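# Overview (structure and organization)
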Amino acid sequence: MSAEDGLKKIISHAKEYGFVFPSSEIYDGLSAAYDYGQLGSELKNNLKQYWWTSMVRMNDNIVGIDAAIFMHPTTWKASGHVDAFNDPLIDNKDSKKRYRADVLIEEYIGKIEAKINKDVAKGKKKFGADFSEEVFRTTNPNILRRQNKIDEIKSKFKAAMGADDLDAVKALIEELEIACPISGSKNWTDVRQFNLMFKTELGAVSGDSGVVYLRPETAQGIFVNYLNVQKSGRMKLPFGIAQIGKAFRNEIIARQFIFRMREFEQMEMQFFVKPGTQEEWYNHWKDARKNWHYSLGLGEESYRLHDHIKLAHYADAACDIEFSFPMGFKELEGIHSRTDFDLKSHEDHSGKKLRFFDPETKESFVPYVVETSIGLDRLFLAVLSKAYTEEKLDGGAERIVLKIPPAIAPIKAAVLPLIKKDGLPEKAKEVLKQLRIKHNVQYDEKDAIGRRYRRQDAIGTPLCITIDHDSLNDNTVTVRERDGMTQERVLISDLDSYVDSNVGMHVLFSK
Ligand code: GAP
């Protein structure tokens with residue numbers, strides 16, 4: 001299945017079963033905005049709970065806040081977003097379509113890379129068992145020529161962007177003869193920088209003085225509250241502040257479903273440390289976050305760590321945790337050692353001291369910060385895309401099953417009376433009443449039991465509990481497990497603890 005087909009299937013499954021809908025669909029939708037449906041919002045809440053519990057509840061020295069989306073506009077001057085949160089854009093004069101100049105160039109490079117991969121595949125076929133990809137890539141003249149071309153383009157682009165020379169970026173697009181995919185023409189405007197923040201106006205204040213921004217990251221809500229939290233919580237270094245909330249970016253190329261959106265949700269944690277200890281804490285958080293992902297159960301092979309070579313001006317180390325999405329390995333979470341850049345800059349712009357007084361050394365200093373920042377929607381897509389499975393069963397039947405890690409599945413168990421009479425629905429409803437106090441459970445009595453199993457498989461319900469005639473006599477039920485489709489008989493009085501030990505979120509924390 002191609003990457004595109006894989007993603008398409010997930011998008012249509014997500015819509016059919018109430019996970020994700022296009023926003024305002026009755027008006028033909030709004031590009032790059034999505035609504036989470038009845039099951040999607042349950043899954044999203046479970047992911048938030050998993051993150052919040054492991055960050056805030058499981059760490060003595062991390063607390064959580066919920067800051068406003070609107071912030072004083074100077075916040076964004078201090079953070080650098082007003083001046084530098086830009087994408088280089090170019091318009092095609094004939095199609096009137098707007099593109100990110102860097103993406104046009106990356107796509108051009110992607111085409112050369114695809115040719116290299118084709119050459120490698122041919123080589124593999126030709127030389128069979130004797131084939132060494134490394135030797136082939138470093139000696140084959142075609143590949144070397146193509147690789148040189150890629151290196152040359154990259155170095156020209158880097159130099160142009162480094163010097164803020166947008167004319168040189170346009171010249172590179174013209175030199176490579178890149179055409180607009182819609183009109184096919186090479187009739188381009190100049191390249192301009194485009195700020196990604198959404199602007200709006202505050203209340204009755206008009207003009208520039210009333211301008212506020214929708215926050216492009218949640219982190220700044222944490223920085224501006226550093227002193228409030230430190231003082232009111234009597235926090236000692238090192239300590240962290242965590243937050244989950246919406247962020248907004250006017251992405252020019254918003255695509256790949258919920259991977260890149262204009263309105264999305266972040267789960268960020270800023271860890272304040274003593275200057276000089278940032279490397280140790282950076283390594284700590286890199287490890288801790290990697291292990292957090294591993295315990296979710298999507299398979300360790302699904303993750304890759306990518307250390308940044310080129311660092312942002314405020315960082316002294318940074319890496320991405322990448323996930324193997326249907327479109328390939330892409331960034332899921334960033335871990336950044338941000339030095340004292342943000343707090344210092346907020347000190348400069350606000351005129352307020354944002355320091356920590358160390359009672360032992362009697363010194364006062366601006367703490368350094370290590371940040372962990374994950375996109376909730378990307379995590380959602382990671383779970384959904386790994387979970388989506390098409391299976392052929394013995395006897396030729398097929399099923400679509402979402403193998404969502406049970407602890408975060410939207411519905412934990414379905415309670416199903418075998419038939420709609422003989423007192424079975426009444427017994428099933430007693431079981432439902434007992435289980436729903438602790439777990440999100442669903443009742444279903446419509447259609448044959450096999451069809452009901454398929455419906456629950458398609459939404460990722462880990463357990464199906466069937467009440468049959470024996471249940472009326474011996475107070476046992478059949479519990480069917482989603483992935484292996486195995487069944488066992490369980491006493492109704494043991495069901496609570498059975499469900500809890502199989503699908504409770506605590507299972508993830510005991511790993
Ligand atoms: N405070 C640091 C920060 O915001 P970032 O790398 O720009 O860093 C952090 O964003 C995470 O937010 C990313 O790793 C990604 O998961 C998520 N993210 C960023 N832009 C996004 C978008 N347009 N749509 C969905 N998620 C996004």
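Residues numbered from 1 in each chain as written. Predicted model: local features only at pLDDT ≥ 70, side-chain atom pairs only at ≥ 80, totals over all residues. Heavy atoms only, no water.

### Overview of the packing of aromatic side chains
Here is the rule: Ring pairs are drawn from Phe, Tyr and Trp, using the six-membered ring of Trp, whenever the two centres fall within 6.5 Å, and their geometry is named by plane angle: stacked under 30 degrees, edge-to-face over 60, tilted for the rest. Placement of a positive charge over a ring is assigned whenever Lys NZ or Arg CZ falls within 6 Å of the ring centre and within 35 degrees of the normal to the ring plane.
Following the criterion strictly, the structure yields 20 aromatic pairs and no others. Members of the aromatic cluster, connected to one another through ring pairs, are F259, Y294, Y303, F323 and F325. The ring centre of F259 lies 3.7 Å from the NZ or CZ of R378, which sits over that ring. A cation over a ring is seen here: R480 above Y453, with NZ or CZ 4.4 Å from the ring centre.

### What to know about the packing of helix α2 (residues 38–57) against helix α11 (residues 278–296)
When two helices pack together, their arrangement is given by the angle between the helix axes and by the axis-to-axis distance. Rules: Here the axes come from fitting lines to C-alpha atoms, over the contacting stretch only for helices, and the angles between their N-to-C directions go from 0 to 180 degrees. Per the convention used, a helix needs a DSSP run of H or I reaching at least four residues, while a strand needs a run of E reaching at least two, with both numbered from the N terminus. Should an angle fall under 35 degrees it is taken as roughly parallel, and over 145 as roughly antiparallel, whereas 65 to 115 is taken as roughly perpendicular and any remaining angle as oblique. By definition, turning the near helix anticlockwise from the far helix through less than a right angle yields a left-handed crossing, and turning it clockwise yields a right-handed one. Contacts are assigned to residue pairs that have any heavy atoms within 4.5 Å of one another. In this classification, Asp, Glu, Lys and Arg are treated as charged, Ala, Val, Leu, Ile, Met, Phe, Trp, Tyr, Cys and Pro as nonpolar, and every other residue, Gly included, as polar.
For the pair α2 and α11, interaxial distance at closest approach is 12 Å and the crossing angle is 140 degrees. The orientation of α2 with respect to α11, classified from their angle, is oblique. Crossing of α2 over α11 shows right-handed handedness. Across from Y50, W51, S54 and M55 in α2, the residues of α11 making contact are W285, R289, W292, S295 and L296. Grouping the constituent residues of the contact of α2 with α11 by class yields 6 nonpolar, 2 polar and 1 charged.

### A short note on the packing of helix α14 (residues 424–435) against helix α17 (residues 495–503)
Between α14 and α17, the shortest axis-to-axis distance is 10 Å and the interhelical angle comes to 55 degrees. By the angle between their directions, the pair α14 and α17 is classed as oblique. Once α14 is placed against α17, the crossing between them reads as right-handed. The segment α14 lies against α17, with V431, Q434 and L435 engaging L495, D496 and V499. Its residues assigned to classes, the contact of α14 with α17 comprises 4 nonpolar, 1 polar and 1 charged.

### Considering the site of the ligand
Note the following rule: We call a residue near a molecule or strand whenever a single non-hydrogen atom of that residue lies within 4 Å of it. Values of accessible area rely on a 1.4 Å probe in the Shrake-Rupley scheme; residue burial ignores everything except the protein chains shown.
E217, M261, E268, E331 and L332 are the nearest of the 20 residues found near the ligand. When the ligand is considered free in solution it has 560 Å² of accessible area, and contact with the protein chains removes 91% of it. Mapped by element, the contributors of at least two residues to the shell around the ligand are β10 (263–273), β13 (328–337) and β16 (368–375).

### Thoughts on the domain arrangement of the protein chain
Condition: What marks off one domain from the next here is an automatic or database domain assignment. A simple way to read buried area is as the amount of 1.4 Å-probe accessible surface that goes missing from two parts once joined, with both sides added. Salt bridges are identified by distance alone: a Lys or Arg side-chain nitrogen within 4 Å of an Asp or Glu carboxyl oxygen. What qualifies as a polar contact is a pair of N or O atoms within 3.5 Å, subject to a donor-acceptor requirement within protein and to the restriction that residues adjacent in sequence count only when both atoms come from side chains.
What the domain assignment lists for the protein chain is domain 1 (1–72 + 196–392), domain 2 (86–195) and domain 3 (393–509). If you average the C-alpha positions of domain 1 and of domain 2, the two centres end up 30 Å apart. Counting residues at the interface gives 8 residues for domain 1, matched by 10 residues for domain 2. Summed over both partners, the interface of domain 1 with domain 2 buries about 760 Å², with 60% contributed by carbon and sulfur atoms. It is L196, I252 and I253 that lose the most area in domain 1 upon contact with domain 2, and together they represent 66% of the buried surface on that side. There are 0 salt bridges connecting domain 1 and domain 2. For the pair domain 1 and domain 2, the number of links is 1 residue pair in polar contact (both at pLDDT 80 or more).

### Quick word on the sheet that holds strand β5 (residues 98–100)
We apply this condition: Any two strands between which DSSP finds at least two bridges are classified as paired.
The sheet built from 3 strands is open, its strands ordered β5-β4-β6 with antiparallel pairing. A strand with exactly one partner marks an edge of an open sheet, and here the two such strands are β5 and β6 (192–195). Across the sheet, the axes of successive neighbouring strands diverge by a mean angle of 50 degrees, strand direction being ignored. Examined bridge by bridge, strand β4 (residues 86–91) and β6 share 4 bridges and lie antiparallel to one another. From the neighbouring strand, D87 faces β6, where its bridge partner is F194. Here helix α5 (residues 101–127) sits on the sheet in contact with β4 and β5, set at roughly 70 degrees to β5.

### What to know about the nonpolar core
Heads up, the rule is: Put simply, a nonpolar core is a bunch of buried Ala, Val, Leu, Ile, Met, Phe, Trp, Tyr and Cys residues held in one set by side-chain atoms that sit within 4.5 Å of each other. Classification of residues uses two cut-offs on accessible area relative to the type maximum, computed with a 1.4 Å probe and protein chains only: under 20% is buried, over 50% is exposed, and between them is partly exposed.
Within the largest apolar cluster, 62 residues are counted, with the highest numbers of intra-cluster contacts made by F19, W51, F380, I404 and I408. At 8 residues, helix α13 (residues 376–387) tops the list of elements feeding residues into this core. When residues of this core are assigned to domains, at least three map to each of domain 1 (1–72 + 196–392) and domain 3 (393–509). Filtering out sequence-adjacent residues up to four positions away, I408 remains in contact with L43, N46, L47, L296, V383, M505 and L508.

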